[in-house]
Amino acid sequence: MSQGPRSGLAAVSSALLAMSRHLEVRDVLKTIVASARELLDAQYAALGVPDDHGGFAQFVVDGVSDAQWKAIGPLPRQHGILAAMLKDAKPQRLADVRTDPRFEGWPSAHPDLADFLGLPIRDGDEVIGALFLANKNCPKPEGTCGFTADDEELLSILAQHAAIALTNARLYERSRELTIAEERSRLAHELHDAVSQKLFSLRLTAQAATALIDRDPARAKGELQQVAALAAEAADELRAAVVELRPAALDEDGLVATLRTQAQVLDRAHTAHVTFTAHGVRALPAAQEEALLRVAQEALHNALRHSGADRVDVTLARRGSGAVLRVTDDGGGFDPHAIRRAGRHLGLVSMRDRAGGVGGTLTVESAPGKGTTIEMEVPGG
Ligand SMILES: Nc1ncnc2c1ncn2[C@@H]1O[C@H](COP(=O)(O)OP(=O)(O)OP(=O)(O)O)[C@@H](O)[C@H]1O
Ligand SMILES: [Mg+2]
């Protein structure tokens, strides 16, 4: 090192701090490479993260201008000394890289490298990258001075921190991907539970209006008004799902009134008779009310779509400080165990998730020929 021990320590420390400040993988790599070049006073520095196909997923350089970098051409492959570092996971300190038997030449625009110091970046047993420097700046204008054992030690400290920074950056990116995936799944559930049901009812009502329009224009007109109302509700639900609002009706009218209106709307839209009764229900925590509404919507929708029932009854009753919701149909029933959790069917999975998500439970009681009862209990406040 050209600096004294104190300023050297300060430089290392600021390099490490800079590394830990960045969370994007590429920024971390850039900081590592720039710090290494500066600390070891080299002309060139580079860091490569290998991919699984013999190339580099990422390759970051310092000391090379953009124009020069473009002129060099495609990214290096994992061959020659780079490959040796990645495979053997050993440091390479060479007085002249060009005279090494593993040297395989470089593209014409590549800067001429002489003395070379390279270190693998390891996470446990896995080599996750290689960090290397070339052409140490010499105090004397003539001749080369080459990298020393001290330089190697210093670079190995940087490489260890680079490993941590890289691993953290990857974890961070992974967790951000997970958040996006969770958000997508929430939206999928929301669209499924609320919007697709409204659209289903809307379609049926539109069909009814078409069938009636010649025979009974007055009733067709009523159905068409219903179509307009359902379309407006679907639009509201869609907006709520996208901006993650709870259904406006819950805030305005409360759970009992919302369920009653939904039952009335479905009763009119479908041939089955749909009823709703409430027994002594008190206000519940907002999240539990929302979950109850969503589960009621899906259970109603399933009953109307799959069961062929003549009647679907919804009840909401107080139990302790919480409440129990029950949706019962007298339709064909099904074998709940025969429904696979994964796959196309989102409804039953979504109902279970919603119940569990607010500390509640969901029970599905059904058998072929016996009708179906979906029960959800929530604990209350
Ligand atoms: N009330 C019911 N009566 C008869 N069969 C039902 C009833 N509820 C659910 N099923 C059966 O269980 C299956 C799974 O229901 P689920 O709600 O998970 O998915 P889906 O309704 O088919 O599709 P999705 O809800 O994702 O649009 C249904 O396809 C149907 O065969
Ligand atoms: Mg369903």
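Residues numbered from 1 in each chain as written. Chains lettered and ligands numbered in written order. Predicted model: local features only at pLDDT ≥ 70, side-chain atom pairs only at ≥ 80, totals over all residues. Heavy atoms only, no water.

K.L.:
Which parts of the structure should I look at to understand the pattern of salt bridges?
P.N.:
It is possible for side chains bearing opposite charge to pair when their charged atoms get close. Throughout the structure, instances matching the rule amount to 12 salt bridges. With a shortest N-O distance of 3.4 Å, Lys198 and Glu237 are connected by a salt bridge. On the criterion of sequence distance, the pair formed by Lys198 in helix α5 (residues 149-212) and Glu237 in helix α6 (residues 217-242) is long-range, its members being 39 residues apart. Glu237 matches Lys198 in its accessibility class, with the two residues each being buried. For Glu377, the salt bridge identified is with Arg319, shortest N-O distance 2.8 Å. Taken together, the residues span a long stretch of sequence, with Glu377 in strand β10 (residues 372-378) and Arg319 in strand β7 (residues 311-319) at a distance of 58 residues. Salt bridges here are not isolated pairs; linked through shared partners, they connect Lys198, Glu233, Glu237 and Arg294. (Salt bridge = Lys/Arg side-chain N within 4 Å of Asp/Glu carboxyl O. Helix = DSSP H or I, 4+ residues; strand = E, 2+ residues; numbered from the N terminus. Buried < 20%, exposed > 50% of the residue type's maximum accessible area, 1.4 Å probe, protein only.)

K.L.:
In this structure, what is going on with the coordination of the magnesium ion (ligand 2)? I would like to understand it.
P.N.:
Between any two of four tetrahedral donors, the ideal angle at the metal is 109.5 degrees; between two of six octahedral donors, it is 90 or 180 degrees. Taken together, Glu298 (OE) and Asn302 (OD1) make up the protein donors of the magnesium ion (ligand 2), found 2.1 Å from the metal. Here Glu298 pairs with Asn302, and both are found in helix α8 (residues 286-307), just four residues apart, close to one helical turn. (Donors = N, O, S within 2.8 Å, 3.2 Å for Na, K, Ca; no water.)

K.L.:
Whenever I open this one, the sheet that holds strand β4 (residues 116-123) confuses me. Can you help?
P.N.:
In a beta sheet, neighbouring strands are held together by backbone hydrogen bonds and run either parallel or antiparallel to one another. Ordered in space as β2-β1-β5-β4-β3, the five strands form an open sheet in which the pairing is antiparallel. Only two strands of the sheet have a single partner each, and these edge strands are β2 (56-62) and β3 (92-94). Across the sheet, the mean angle from the axis of one strand to that of its neighbour is 10 degrees, orientation sign disregarded. Packed onto the sheet, helix α4 (residues 80-88) meets β1 (42-50), β2, β3, β4 and β5 (126-136) and runs at close to 140 degrees relative to β5. (Pairing = 2+ DSSP bridges. Axes fitted to C-alpha atoms, helices over the stretch in contact; angles between N-to-C directions. Contact = heavy atoms within 4.5 Å.)

K.L.:
Got a minute to help me understand the nonpolar core in this structure?
P.N.:
The nonpolar side chains of soluble globular proteins are, as a tendency, buried together. One finds Leu259, Leu292, Val312, Leu316, Leu325, Leu362 and Met376 to be the most contacted residues of the largest nonpolar core, which totals 33 residues. The greatest single-element share of this core, amounting to nine residues, is contributed by α8. Once residues within four sequence positions are removed from consideration, Leu259 is found in contact with Phe276, Leu293, Ala296, Leu316 and Leu325. If you look at the next biggest cluster of nonpolar residues, it comprises 32 residues, including Ala11, Val33, Leu119 and Ala169. (Core = buried A, V, L, I, M, F, W, Y, C linked by side-chain atoms within 4.5 Å.)

K.L.:
Would you mind showing me how to read the pairing of strand β6 (residues 273-279) here?
P.N.:
Regular strands show a simple pattern: their side chains alternate between the two faces of the sheet. Sheet analysis places β6 next to β7, joined by seven bridges and oriented parallel. The residue bridging Val274 from the neighbouring strand is Val312, located in β7.

K.L.:
It is not clear to me how the environment of Ala84 should be interpreted in this structure. Could you clarify?
P.N.:
Within the secondary structure, Ala84 is located in helix α4. Since its relative accessible area comes to 9%, Ala84 is described here as buried. The residues touching Ala84, leaving out its near neighbours within four places in the chain, are Ala89, Gln92 and Arg102.

K.L.:
Can you walk me through the environment of Ala309 in this structure?
P.N.:
Within the secondary structure, Ala309 sits in the loop between α8 and β7. The sequence separation of Ala309 and His279 amounts to 30 residues, and the corresponding C-alpha distance is 24 Å. Discounting residues that sit within four places of it in the chain, Ala309 has contacts with Ala272, Asp329, Asp330 and Gly331.

K.L.:
Mind showing me how you'd approach the environment of Ala229 here?
P.N.:
With respect to the helices and strands, the residue Ala229 is situated in helix α6. On a C-alpha basis, the gap between Ala229 and Leu202 in space is 8.9 Å, while along the polypeptide they are 27 residues apart.

K.L.:
I would appreciate a short explanation of the site of ligand 1 in the present structure.
P.N.:
Around ligand 1 sit 17 residues, and of these His192, Asn302, His306, His345 and Leu346 come closest. Within the side chain of His345, an N or O atom sits 2.7 Å from an oxygen atom of ligand 1. Gly347 is positioned with one of its backbone polar atoms (N or O) 3.3 Å from an oxygen atom of ligand 1. In the complex, the protein chains occlude 85% of the 590 Å² of accessible area that ligand 1 would expose alone. A total of six residues in the shell around ligand 1 trace back to one element, the largest contributor, which is α8. Partitioning the shell around ligand 1 into residue classes produces five nonpolar, eight polar and four charged. (Near = heavy atom within 4 Å. Polar contact = N/O pair within 3.5 Å; in protein donor to acceptor, adjacent residues only side chain to side chain. Areas by Shrake-Rupley, 256 points an atom, 1.4 Å probe, with all protein chains shown as cover. Nonpolar A, V, L, I, M, F, W, Y, C, P; charged D, E, K, R; others polar.)

K.L.:
Would you mind going over the domain arrangement of the protein with me for this structure?
P.N.:
A common measure of how large an interface is: the accessible area buried when the components associate. For the protein, the assigned domains are domain 1 (5-176) and domain 2 (254-381). With centres defined by C-alpha atoms, the gap from domain 1 to domain 2 works out at 60 Å. (Domains from an automatic or database assignment.)

K.L.:
Is there a simple way to explain the sheet that holds strand β8 (residues 322-329) in this structure?
P.N.:
Strands sit in the order β6-β7-β8-β10-β9 across an open sheet of five strands; the sheet is mixed. In this open sheet, the two edge strands, each paired with only one partner strand, are β6 and β9 (361-366). Strand-to-strand twist in this sheet, taken as the mean axis angle between neighbours without regard to direction, amounts to 10 degrees. Sheet analysis places β8 next to β10, joined by seven bridges and oriented antiparallel. Among the inter-strand pairings, Arg326 is bridged to a residue of β10, identified as Glu375. Lying over the sheet, α8 contacts β6, β7, β8, β9 and β10, oriented at roughly 10 degrees with respect to β8. Sitting on the sheet, helix α9 (residues 347-357) is in contact with β9 and β10, with an inclination near 145 degrees to β9.

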